[in-house]
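Letter by letter, the chains look like this.
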Amino acid sequence: MLIIVSVVWWRNRDILRDIFDYSIVAAAAGKVEAGYKPFTDIRSPMQSSVYLLNAATEAVFGRTYLGLTWGGWVQALGSGWLLLWLLWRRVEFCLTMAVVLAVTLAGALQHMVFFYNPIGIVCLSLVVLGLAIGPELRPRSSSHAWLILLACFLGGINKLNFHGVTLALAGLITVAAWLQHRIRFAGVVRNAVWLAMFGLVLPLGFELAWTGADLRTWLDQVVFGPTARLDYLTQVLGLGMYWRPVHDFHAHVLVPGIAGVGLVLVLVTGGWMQTAAKPTTWQPAGRAIRIALTAATWLGGAAIMISNHEIVVLTGLVFPVMAVAVYLLYRDPAHHSDRLIWGMLIAGLACWVVTGGYTAWQGARVLYGQNPPPRDRYVRFEPNLPALDYFAGVRMLPEQIEAMEAAGRRLQSMEDPNGRLPPMLFGQGQEWFERAYPHSIVPGAPVWLHDGTTLHAADLDYFRSITDGGQRRILVQRDWQSWPPGIQAMLEREYLPEILSGRDVMYHPRGIVPTPVSSEVPSAPQPMDFRNETASAIFLPATLWSPEMKLLTGATGPVFGATVSTNWFLPAGANELRGVAEVRVLDDAEVQGVVVLRIRRDDGVHGPLVWEMPVVVGQQRVVKPLPFTIQPGGRPLWMQTLVSEQLRGKVVAGWRELRITNSNAADLSPPAPYQSGLAGEVAAMPADARGEFWYEKNSGESPPWHSLPAEHWQPAPDIPRTVAVSVEFKTDAPAAGARVNLILVWYRAGRFEYLTEREVVPDASHREVLQGMMPEPGGWLGVLARGHGAALRVVAFEAGHDG
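Below is a summary of the structure that appears in this document. Note that the coordinates shown come from a computational prediction; the quantities given were computed from them, not determined experimentally.

Rules of the game
- Residues numbered from 1 in each chain as written.
- Predicted model: local features only at pLDDT ≥ 70, side-chain atom pairs only at ≥ 80, totals over all residues.
- Heavy atoms only, no water.
- Axes fitted to C-alpha atoms, helices over the stretch in contact; angles between N-to-C directions.
- Helix = DSSP H or I, 4+ residues; strand = E, 2+ residues; numbered from the N terminus.
- Parallel < 35°, antiparallel > 145°, perpendicular 65-115°, else oblique.
- Left-handed = near helix turned anticlockwise from the far one by under 90°.
- Contact = heavy atoms within 4.5 Å.
- Nonpolar A, V, L, I, M, F, W, Y, C, P; charged D, E, K, R; others polar.
- Core = buried A, V, L, I, M, F, W, Y, C linked by side-chain atoms within 4.5 Å.
- Buried < 20%, exposed > 50% of the residue type's maximum accessible area, 1.4 Å probe, protein only.
- Pairing = 2+ DSSP bridges.
- Salt bridge = Lys/Arg side-chain N within 4 Å of Asp/Glu carboxyl O.
- Phe/Tyr/Trp six-rings, centres within 6.5 Å; stacked < 30°, edge-to-face > 60°.

## Quick word on the packing of helix H13 (residues 258-276) against helix H17 (residues 338-362)
Logical step 1: Where H13 contacts H17, the axes come no closer than 11 Å and their chain directions differ by 165 degrees. Relative to H17, the element H13 lies roughly antiparallel. Where H13 crosses over H17, the two elements pack in a sense that is left-handed. Facing Ile258, Val261, Gly262, Leu265, Val268, Thr269 and Trp272 of H13, the residues of H17 in contact are Asp338, Ile341, Met344, Leu345, Gly348, Cys351, Trp352 and Thr355.
Logical step 2: A per-class count over the contact of H13 with H17 returns 10 nonpolar, four polar and one charged.

What follows is the structure in structure tokens.
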């Protein structure tokens, strides 16, 4: 037993395909560590066992997922040894080993951590098999009885569906044993008292005493709250689940109709009871209790399966375990049919041993999914961020690791100087991040967010309260979301989703609406000043911005921003944009609040969120720069700063080091003039606006000569090339010795790159060659000439080889 359990556990303990259920377990342990308790501090439909057992495991083996998996080893090995001890020398060796292996492999070893389903099936097995062997509970003289009662107590603080079926079957077995004259009526009463005490009173008392909850709160959350599970019970009479699992997430199940095998065992043992059992004093009552045992096993097993349909080899164990219990209760060595039913039980249990053993070996539950990829695709996770250390050393799919790192980097970018996040609610599949950010645990929030178990249609006001009135950010896995309709509508109406990866999404409050942009800004910075001061490669005249925006001193250098909320519109968008957002507290300002920097796509009010960074300002005077890289797919962009009313005039929020590394290739517009002083002065413009033309001041010169200042533009080649442009000068006699600033530039869709810059002293015969490498295909090449007292013309344009 030790070898089998250890080998299977070691093979699968460090591998995970999805962390959804395991995220909840890790978060539960973290909540206990942080001092939170279910029902009072946390809304929880599950009871205390998973919280306490996993918290104890981490306290002993380490505060990581790999430390948590030692609980799975204890769960499987301990379950096997307890069953072996219970059945040893009381039941035939072959049947004993079949039961022990079936429950251990198909039940306790499916999960690699302490989990309520394995705990539930092991407790049920110990109780019903123990009572079938020795129906009378006498704790004073029997360790056997103590094992049954302690299993009742553990089941009572574990999961209600398993525990309810366990107590119902225990009661029926007790009555059946009385009718079989195996115990007296006083024994029935004694059993009822002990089962009520250890199955109801003590578990409930422990729950209320430890958590501090009152009975009404406990009932609301554990009994009446999980309406989704109650809805499942309407399907218990359906026959389809016996021939194949309810859904397709059951890879590596060798016998898809394993539940049907269990149902056949139940019906066969039910018929056997009617024919093989000894006559009783009250024959009708004896027959009735046998029918009740068969029906309760069938309906109870179906209820457990349908409410936990993600792991059918485990939940289906109710059928063979109860069939064995019935056999042990009614067997009569003198009856010829005992050997036949004994053989059928061995064959049925072998189905669970083989099927359960195969799913355990393959790690079907930790690699949960319809078609899990081959194991050789999984790679060991070596995190480079402290927030991800909880899963260090675990083997995951590369795309899972990529998503976790993207989420981790995003959270790290939002940390304040003390490593704390702005208000955050970790939702579906992301609860485990509370291990890295325990200050983000939200008092009163559910242990998980799920429509039908912890959230309901009437919980809109409650959800508002745990999200601080819709101001708390929410991080979830996209495909695991389950929201009641009212909350879903609230998220769509009041939140902006930021897609962090193919797996994760963060919801940000929409917040205040920034001021509108304007096409007429009286004090607009010159494009060259904007470029040089902010180290940016954005063509400022091709954008629109709020009138309050200007060049101001930021945290690490000049920024284009303001001390109030602003909007900055980039109509051409980009395929990739990099930059730095900054917030700086003004000298001597007393501040406390949050500044939000965000980038939206398409529409400045309703458009999807591309990037957002909340910055908490307070005692810390220096705010670190916030770099970002986005890929908005060439869509128009709105860069916004949201400064709360109490921070207006006390902080500077803006942008610098903006660089479009991949522009919008769909842009076909001609370039705007580089200096506003040249606007509207076009000497020659082709009808299709795609040929060569000039911007210049009015002059008396005739083409092709153009008086300074002037700009020459022409379409760039469709593939990146080395380009060379030759220009000639002529000078006015009074301006001999004039100096000219000459720049070769490339432009497309808001991206503006200097290729060559040179200062020359022109004369009548002077020719200058400007060379550079285009950063992208297409766009425009421009020659910018600034100065006075001279004229120039372009005499040659050459495009060289690629690269």
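Once you've had a look at it, read on.
## With respect to the nonpolar core
Within soluble globular proteins, side chains that are nonpolar tend to cluster in buried spots.
Logical step 1: In this structure, Tyr65, Leu95, Leu129, Phe391, Phe433, Trp568 and Trp655 are the most contacted members of the largest nonpolar core, which totals 185 residues.
Logical step 2: If one sorts the elements of this core by residue count, helix H7 (residues 116-133) sits on top with 13 residues.
Logical step 3: The residues touching Phe391, leaving out its near neighbours within four places in the chain, are Leu16, Ile19, Tyr65, Phe381, Met396, Met404 and Trp432.
Logical step 4: Ranked by size, the runner-up nonpolar core spans 20 residues in total, among them Ala716, Val740, Leu742 and Met774.

## Thoughts on the sheet that holds strand E11 (residues 576-585)
Logical step 1: Strand order in the open sheet formed by five strands is E8-E9-E16-E11-E14, and the pairing between neighbours is antiparallel. Only two strands of the sheet have a single neighbouring strand rather than two, namely strand E8 (550-553) and strand E14 (626-630). Here the average twist between neighbouring strands, direction ignored, is 40 degrees.
Logical step 2: Looking at chain direction, strand E9 (residues 558-562) and strand E16 (residues 651-662) are connected through three bridges and run antiparallel. By the bridge assignment, Gly561 is partnered in E16 with Gly654.

## Some details on the packing of helix H14 (residues 283-307) against helix H16 (residues 318-330)
Logical step 1: Between H14 and H16, whose axes approach to 9 Å, the crossing angle comes to 160 degrees. Classified by the interaxial angle, the pair formed by H14 and H16 is roughly antiparallel. When you trace H14 past H16, the crossing you get is right-handed. In this structure, H14 uses Ile289, Arg290, Leu293, Thr297, Trp298, Gly301, Ala302, Ile304 and Met305 to contact H16, whose residues at the interface are Val318, Phe319, Met322, Leu329 and Tyr330.
Logical step 2: Of the residues that constitute the contact of H14 with H16, the class distribution is 11 nonpolar, two polar and one charged.

## Digging into the pattern of salt bridges
Logical step 1: Scanning the model with the defined rule gives 34 salt bridges in all.
Logical step 2: Across the salt bridge formed by Glu399 and Arg377, the nearest N and O atoms sit 2.9 Å from each other. Of this pair, Glu399 sits in helix H18 (residues 398-413) while Arg377 is found in the loop between H17 and strand E1 (379-380), placing the two residues 22 residues apart along the sequence.
Logical step 3: One network of salt bridges, with partners in common, ties together Arg659, Arg748, Arg751, Glu753 and Glu776.

## Notes on the packing of aromatic side chains
Logical step 1: Scanning the model with the defined rule gives 39 aromatic pairs in all.
Logical step 2: Measuring from ring centre to ring centre gives 5.8 Å for Phe153 and Phe206, while their planes differ by 75 degrees; the resulting arrangement is edge-to-face. Residue Phe153 is located in helix H8 (residues 143-156), and its partner Phe206 is located in helix H10 (residues 185-211); the two are separated by 53 residues in the primary sequence.
Logical step 3: Relative accessible area serves as the criterion here: at 22%, Phe153 is assigned to the partly exposed category.

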